[in-house]
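# Secondary and tertiary structure notes
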Amino acid sequence: MDLQFDHPTQIYALRACHTDDATDLVAIAGSHSLQVVSIQRYPPSAVTAGPLSRLAVATEDFGLHLLSKSSTEAEYIYPFGGSLSGHHGLINDMTFCGGWSEDSSRYLATVSDDKMLMVWDLHPPAPARGARQDNEDGMDDDDEPRPQPTAYVIPFPHPLTSISSHPHTSKEFLVSDCRGSVYLTDWRSDPVDIEEGNLRHSSLVELVEPYALSASCMGHPVKWSGSTAWRSDSVDIIGGVFGTRFSIWDLSNMRGGKPAVTAQGTLDGGYRFRWCRTYPEHFGISTQSPTRGATIQVHNTNFVQAQPTVFTLRQRPQFVCDFDFLSLPGIPRIAAAVGKSLLVFPIGEESS
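What counts, and where the lines are drawn
- Numbering of residues begins from 1 in every chain and follows the order in which that chain's sequence is written.
- For this predicted model, a pLDDT threshold of at least 70 governs which residues receive local features, and a threshold of 80 or more governs which side-chain atom pairs are given and counted, while totals over whole chains, interfaces and linings are taken from all residues.
- As a rule here, side-chain values cover all heavy atoms of the structure and leave hydrogens and water aside.
- Counting from the N terminus, the helices are the DSSP runs of H or I reaching at least four residues and the strands are the DSSP runs of E reaching at least two.
- Each residue is placed in one exposure class: buried if its accessible area under a 1.4 Å probe, protein chains only, is under 20% of its type's maximum, exposed if it is over 50%, and partly exposed if it falls in between.
- In these tables, accessible area is a Shrake-Rupley quantity obtained with a 1.4 Å probe, and a residue counts as shielded only by the protein chains included in the view.
- UniProt positions are given in the numbering used here, feature names are shortened, and annotations may be inferred rather than shown by experiment.
- Here, any two strands with at least 2 DSSP bridges between them count as paired.
- A fitted line through C-alpha atoms serves as each axis, taken over the contacting stretch for helices, and the angle formed by two N-to-C directions is quoted from 0 to 180°.
- By salt bridge we mean one thing: a side-chain nitrogen of Lys or Arg within 4 Å of a carboxyl oxygen of Asp or Glu.
- Residues adjacent in sequence count toward polar contacts only when both atoms are side-chain atoms; beyond that, a polar contact is any pair of N or O atoms within 3.5 Å, and within protein one must be able to donate a hydrogen and the other to accept it.
- By definition in these notes, contact holds between two residues if any of their heavy atoms fall within 4.5 Å.

Naming follows an unreviewed UniProt entry, where the protein chain appears as WD40 repeat-like protein of Candolleomyces eurysporus.

Here is the structure:
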């Protein structure tokens, strides 16, 4: 391993920062706390002060929390959602709105086992008692409570497993479900009145992974969930893993919604699919099966049918709970959560 950082508890979620001024930061969430780790420090250490940071996390009680902290303000945890006003099932994934506009951190999208995509306005208009501004401590100028975020709800036919946004657009989300369907959803379009009993959402494109869809339709038990993601340098290229196979779609050549490429991905069922930000032709797949240990497979789209490079981080029965590519320049590096450890390693070597 290149670097290692140990968290007090099991790490359940991990995200790398992809903004140009903080490419060394990785957020890791454990049982009761979240830490932001700088991997350019040696040894890697949690960041305790710095520019304003905002993070969103989900908890097992279906609640959501907006976290903020800066070098001049104490940390603040702002809860919202929950089973009374939000999801009624496990929240499987979330993302902020895409694009680079001021709204990119205003809207948060979440997907859940309850078959709902919810888009949260984290800064809704204040109650009509004059213009007020929210402060970082969650109170406005008149010491009134901060208005609760409001959610735009989009229902789907099956439990949702992953969602992603793209830096080149703030209109669409990429959503996948447990049966092998992938939706490109325009959440900013006006809702259309449809007869009762039909779904109300604005899916521009519906893609399918035939292998996963046929298995679900035949009634075979699904022991894995779909994970999809946009390639960072193109809004036309989408990748995903469903079970033991991965697929890549090209929206410029729709093929009736079927993948342009489908190949054997993992022997034990894929769990996470991630594109590399700095070398976008590379993508990685992890599995949560403990039979082969904590492994990540890295593929190259230029040689998509070739055998992947396999990185074994720990021996069985440990597994990779989550991982992400860093956006640091140079040889691509992966940050992975295995047990209580954050592990960082390169996927190649510097040429001499």
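Still more to cover.
### Comments concerning the overall build of the protein chain
When helices and strands are counted, the protein chain shows 2 helices and 27 strands. A burial count over the protein chain gives 50% of its 352 residues as buried. With an accessible surface of roughly 17,200 Å², the protein chain has 50% of that area assigned to carbon and sulfur atoms.

### Topic: the UniProt feature "repeat: WD" (unreviewed entry) in the protein chain
Sequence positions flagged by UniProt for "repeat: WD" (unreviewed entry) are, in local numbering, residues 84–122. End C-alpha atoms of residues 84–122 are separated by 17 Å, and the span's content is 5% helix alongside 46% strand.

### Some thoughts on the side chain of His7
By the secondary structure assignment, His7 is in the loop between β1 (3–6) and β2 (13–16). What makes His7 buried here is its relative accessible area of 4%.

### A few points about the sheet that holds strand β18 (residues 237–242)
In space, the 4 strands of this open sheet follow the order β17-β18-β19-β20, with antiparallel pairing throughout. At either margin of the open sheet sits one strand with a lone partner, and together these are β17 (227–230) and β20 (261–264). Neighbouring strand axes in the sheet, compared pairwise and without regard to direction, differ in orientation by 15° on average.

### Description of the sheet that holds strand β26 (residues 333–338)
Overall, antiparallel pairing links the 4 strands, which are arranged β1-β27-β26-β25 in an open sheet. Both edges of this open sheet fall to β1 and β25 (320–325), since each of them pairs with a single strand only. On average, adjacent strands in this sheet sit at an angle of 20° to one another, irrespective of strand direction.

### Focus: the pairing of β18
Among the 6 residues that make up β18, 6 are buried, leaving the element largely enclosed by the rest of the structure. Neither face of β18 is open: one carries Ile237, Gly239 and Val241, the other Ile238, Gly240 and Phe242, and all of them are buried. Summarising the sheet, β17 and β18 pair through 4 bridges and their orientation is antiparallel. Pairing of Thr228 across the sheet is with Gly240, part of β18. Counted along the chain from β17 to the antiparallel partner β18, the turn is 6 residues long. In textbook terms, the turn of a hairpin is the stretch between consecutive antiparallel strands, and for β18 and strand β19 (residues 245–250) this stretch comprises 2 residues, one of which, Gly243, has a positive phi near 65°.

### Re the pattern of salt bridges
Overall, the coordinates contain 8 salt bridges when judged by the stated rule. The salt bridge partner of Asp93 is Arg15, with a shortest N-O separation of 2.8 Å. Taken as a pair, Asp93 in strand β9 (residues 91–96) and Arg15 in strand β2 lie far apart in primary sequence, 78 residues in all. Its relative accessible area of 11% is what places Asp93 among the buried residues. According to the relative accessible area criterion, Arg15 is partly exposed, its value standing at 32%. Note that Asp186 is salt-bridged to Lys171, the shortest N-O span being 3.9 Å. Highlighted residues: Asp186 in strand β15 (residues 181–186) and Lys171 in strand β14 (residues 169–177), separated in sequence by 15 residues. Taking relative accessible area as the criterion, Lys171 reaches 41% and is therefore assigned partly exposed. Connected through salt bridges with shared partners, the residues Arg15, Asp93, Arg272, Arg274 and Asp322 form a single ionic network.

### What to know about unusual backbone geometry
Peptide bonds are trans in most cases, and residues, glycine excluded, mostly fall at negative phi. Residue Pro43 follows Tyr42 across a cis peptide bond; omega there is -5°. Within the secondary structure, Pro43 sits in the loop between β4 (34–38) and β5 (45–46). A cis geometry characterises the amide bond from Arg316 onward to Pro317, with omega recorded as 10°. Tracing the sequence through the fold places Pro317 in the loop between β24 (309–314) and β25. The phi angle at Lys115 is positive, at roughly 75°, despite the residue not being glycine. On the accessibility criterion, Lys115 (36% relative accessible area) is partly exposed. Backbone geometry places Arg255, a non-glycine residue, at a positive phi of 55°. Topologically, Arg255 is positioned in the loop between β19 and β20. When its relative accessible area of 47% is taken as the criterion, Arg255 is described as partly exposed.

### What to know about the environment of Trp187
You can see Trp187 is positioned in the loop between β15 and β16 (203–208). The buried category is assigned to Trp187, whose relative accessible area is 8%. Between the alpha carbons of Trp187 and Ile154 there is a distance of 8.2 Å; along the sequence they are 33 residues apart. Reaching out from Trp187, the side chain makes a polar contact with the backbone oxygen of Ser170 at a distance of 3.2 Å.

### Focus: the environment of Trp120
Position of Trp120 relative to the elements: it lies in strand β11 (residues 116–121). Given a relative accessible area of 1%, Trp120 falls into the buried group. Residues in contact with Trp120, not counting those within four places in the same chain, are Leu64, Phe80, Gly81, Ser85, Gly86, Arg106, Tyr107, Leu108, Thr110, Pro149, Thr150 and Ala151. In this structure the side chain of Trp120 is engaged in a polar contact, spanning 3.1 Å, whose partner is the side chain of Thr110.

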